[in-house]
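Single-letter residue listing:
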Amino acid sequence: MKAKPILLALLAVGSLAAWVPAALADEPKTISANDLREVIKTLDAAPKEDKDDEGKSFWLIKTKDDVKFLVFQYGGKGDEATSISASAAYSSGMSASDMNDWNASHRYYKLYSTDKGVMFESDLDVSVAPSKAVVKKFLNDFAVAAKKFQDE
């Protein structure tokens, strides 16, 4: 019978150890350009890295399937980000109505018109739990979706 109080005490201590003050839980997390660079190196692609006007790294990626897209960092300080985006430009003559129909039937990706054609884009918020595995899945999924859109 003494095992029950000990078990309850261990559970109580364990729950306190997992507790995080609300002020800390609400602070946005970031992912570094180094972490993004490591993920991008694992893709079956040829990346080129550059810096934007804010000094943040961005990448032009060309996959083995000839899909070209940009990866940008947003938020955070310095060369860190609270979110990333992947964007591919296409010189398509899609109408606004066709883009709206496409957007309505696809999750996670969006199309919009630019002065140079159609932009195919997706965003990933990493501000809660940054993870290289999630970023890798995001970029792989984006490349597959962009290839499918490109082929349509």
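Scroll up to find the structure.
Only a predicted model underlies this, so the values are computations on that prediction, with no experimental measurement involved. (Residues numbered from 1 in each chain as written. Predicted model: local features only at pLDDT ≥ 70, side-chain atom pairs only at ≥ 80, totals over all residues. Heavy atoms only, no water.)

**Side note on the overall build of the chain**
We count it as follows: Starting at the N terminus, helices and strands are each numbered in turn, a helix being any DSSP run of H or I of at least four residues and a strand any DSSP run of E of at least two. Accessible area is worked out with a 1.4 Å probe on protein chains only. A residue is then buried under 20% of its type maximum, exposed over 50%, and partly exposed in between. Only heavy atoms matter for contacts: two residues are in contact if any of them lie within 4.5 Å across the pair. To measure how exposed things are, a 1.4 Å probe is used in the Shrake-Rupley method; for residues, cover is taken only from the protein chains shown.
In terms of helices and strands, the chain carries five helices and eight strands. Helices and strands in the chain line up, N terminus first, as α-α-β-α-β-β-β-β-β-α-β-β-α. When each of the 152 residues of the chain is scored for burial, the buried share is 32%. In the chain, of all internal contacts separated by at least 6 residues, the share reaching a separation of at least 24 is 49%. Just so you have it, the chain exposes about 9900 Å², and 58% of that area is on carbon and sulfur atoms.

**Comments concerning the sheet that holds strand S4 (residues 68-74)**
To keep things clear, this is the line we draw: By definition, two strands form a pair when at least two bridges between them are found by DSSP. For helices, the fitted axis covers only the stretch in contact; all axes are lines through C-alpha atoms, and the angles between them, taken along N-to-C directions, range from 0 to 180 degrees.
Pairing within the open sheet is antiparallel, and its six strands lie in the order S2-S3-S4-S6-S8-S7. Two strands close off the open sheet at either side, each with one partner strand: strand S2 (45-51) and strand S7 (110-114). Neighbouring strand axes in the sheet, compared pairwise and without regard to direction, differ in orientation by 25° on average. Of the pairings in the sheet, the one linking S4 to strand S6 (residues 83-90) comprises five bridges and is antiparallel in character.

**Some thoughts on helix H5 (residues 132-151)**
The periodicity of an α-helix, 3.6 residues per turn, causes residues three or four positions apart to be oriented the same way. Applied cut-off: An expected span of 1.5 Å times one less than the residue number is assigned to each helix. Any N or O atom pair separated by 3.5 Å or less is treated as a polar contact, with the protein-specific requirement of one donor-capable and one acceptor-capable atom, and with residues adjacent in sequence counted only for side-chain atom pairs.
With 20 residues, H5 should reach 28 Å at 1.5 Å per residue; the first-to-last C-alpha distance of 29 Å fits that figure. Along H5, the positions that sit buried rather than exposed are Val 135, Phe 138, Leu 139, Phe 142, Ala 143, Ala 145, Ala 146 and Phe 149. For H5, the N-terminal capping position is held by Ser 131, with its side-chain oxygen 3.2 Å away from the main-chain nitrogen of Ala 133.

**A word on the nonpolar core**
The condition is simple: To form a nonpolar core, buried Ala, Val, Leu, Ile, Met, Phe, Trp, Tyr and Cys residues must be joined to one another through side-chain atoms within 4.5 Å.
Within the largest apolar cluster, 32 residues are counted, with the highest numbers of intra-cluster contacts made by Phe 69, Phe 120, Val 135, Leu 139 and Phe 142. Those elements that provide at least two residues to this core are helix H3 (33-42), strand S3 (57-63), S4, S6, helix H4 (96-104), strand S8 (117-125) and H5. In this view, Phe 142 contacts Phe 69, Ala 86, Ser 87, Ala 88, Tyr 109, Phe 120, Glu 121 and Ser 122; residues no more than four positions away in its chain are not counted.

Distances and angles like these do not, on their own, reveal function.
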